[in-house]
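Architecture at a glance
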Amino acid sequence: MAWRLESPRVLVVELDGGKGSAVRAQTGSMVAYEGEVQFKNAGTGGGGGLRAAFKQRLSGESLSLMEITGRGSVHLAVEAGHVLVLDLAGDTLKAESEGLLCLSEGLRTDVAFTGLQGASSGQGLFTTTVSGHGQVALLSLGGPPIALRVGPQTPLVVDPDAYIGCVGDLRQSFITDVSWRNLLGEDSGEAFSLRFEGSGVVYVQPEER
């Protein structure tokens, strides 16, 4: 199995029909395919099992995935969003469920608590985690994704409407010192920013949701 970007907005997955070549992709993301390819619902919890399904139901962090098997080429895209492919080597990716385009077989999904919700943002109390060894494709619906590195001495503050996901040993907290919002006239008191500390990479999009 091989993954390649046909363009910055289209992921192509080459399936060879062998063991470990199945992938899970966002339901409805297939735009074209060639060969003998089969599609089916990934099942409870998007393939993450009963525990993941139960936590998704409680948290509202819905993850709708389809399982793709067979031999051929599958073209995946969603709303002309830019695609970012990451290689996980035992790492854990945290991202919003709607930002997950495709997962290689063997990666595990779950739901993690992230903190308090800001009423002025679409970011919620929970986030989807992807862990294990394999490839995962993220979507950036607001332009080409940007990778920002966080180090022990260089914490990072991010607008939650620009946040896509993060990888690494990172601690996330919520801060309400959002004077930049006040400059835009958004001083309702409900806005917040995301602060990341530790070591890792945070991915953001240049255009807010």
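Right above here is the structure, for reference.
Reading guide: rules and limits
- Residues numbered from 1 in each chain as written.
- Predicted model: local features only at pLDDT ≥ 70, side-chain atom pairs only at ≥ 80, totals over all residues.
- Heavy atoms only, no water.
- Core = buried A, V, L, I, M, F, W, Y, C linked by side-chain atoms within 4.5 Å.
- Buried < 20%, exposed > 50% of the residue type's maximum accessible area, 1.4 Å probe, protein only.
- Helix = DSSP H or I, 4+ residues; strand = E, 2+ residues; numbered from the N terminus.
- Contact = heavy atoms within 4.5 Å.
- Pairing = 2+ DSSP bridges.

Notes on the nonpolar core
Counting residues in each nonpolar core, the largest one holds 18 residues, and the members touching the most others are Leu-86, Leu-93, Leu-100, Val-136 and Leu-138. Of all elements in the fold, only strand 6 (82-95), strand 7 (100-104), strand 9 (126-140), strand 12 (163-175) and strand 13 (193-204) reach the threshold of two or more residues within this core. Apart from the residues within four sequence positions on either side, Leu-86 is in contact with Leu-93, Gly-134, Gln-135, Val-136, Leu-138, Val-167 and Tyr-203. Judged by nonpolar contacts, the second largest core, of 17 residues, contains Val-37, Leu-76, Val-83 and Leu-101.

So, the pairing of strand 5 (residues 65-76)
Burial within strand 5 is extensive, with 9 of its 12 residues counted as buried. Pairing of strand 2 (residues 10-16) with strand 5, which is carried by 6 bridges, proceeds in the antiparallel orientation. Residue pairing for strand 5: Leu-15 is matched across the bridge by Gly-72. Of the pairings in the sheet, the one linking strand 3 (residues 23-26) to strand 5 comprises 4 bridges and is antiparallel in character. Bridge pairing links Gln-26 to Leu-65 in strand 5. Both strand 4 (residues 30-41) and strand 5 contribute to a ladder of 11 bridges, which runs antiparallel. Counted as the bridge partner of Glu-34 is Ser-73 from strand 5.

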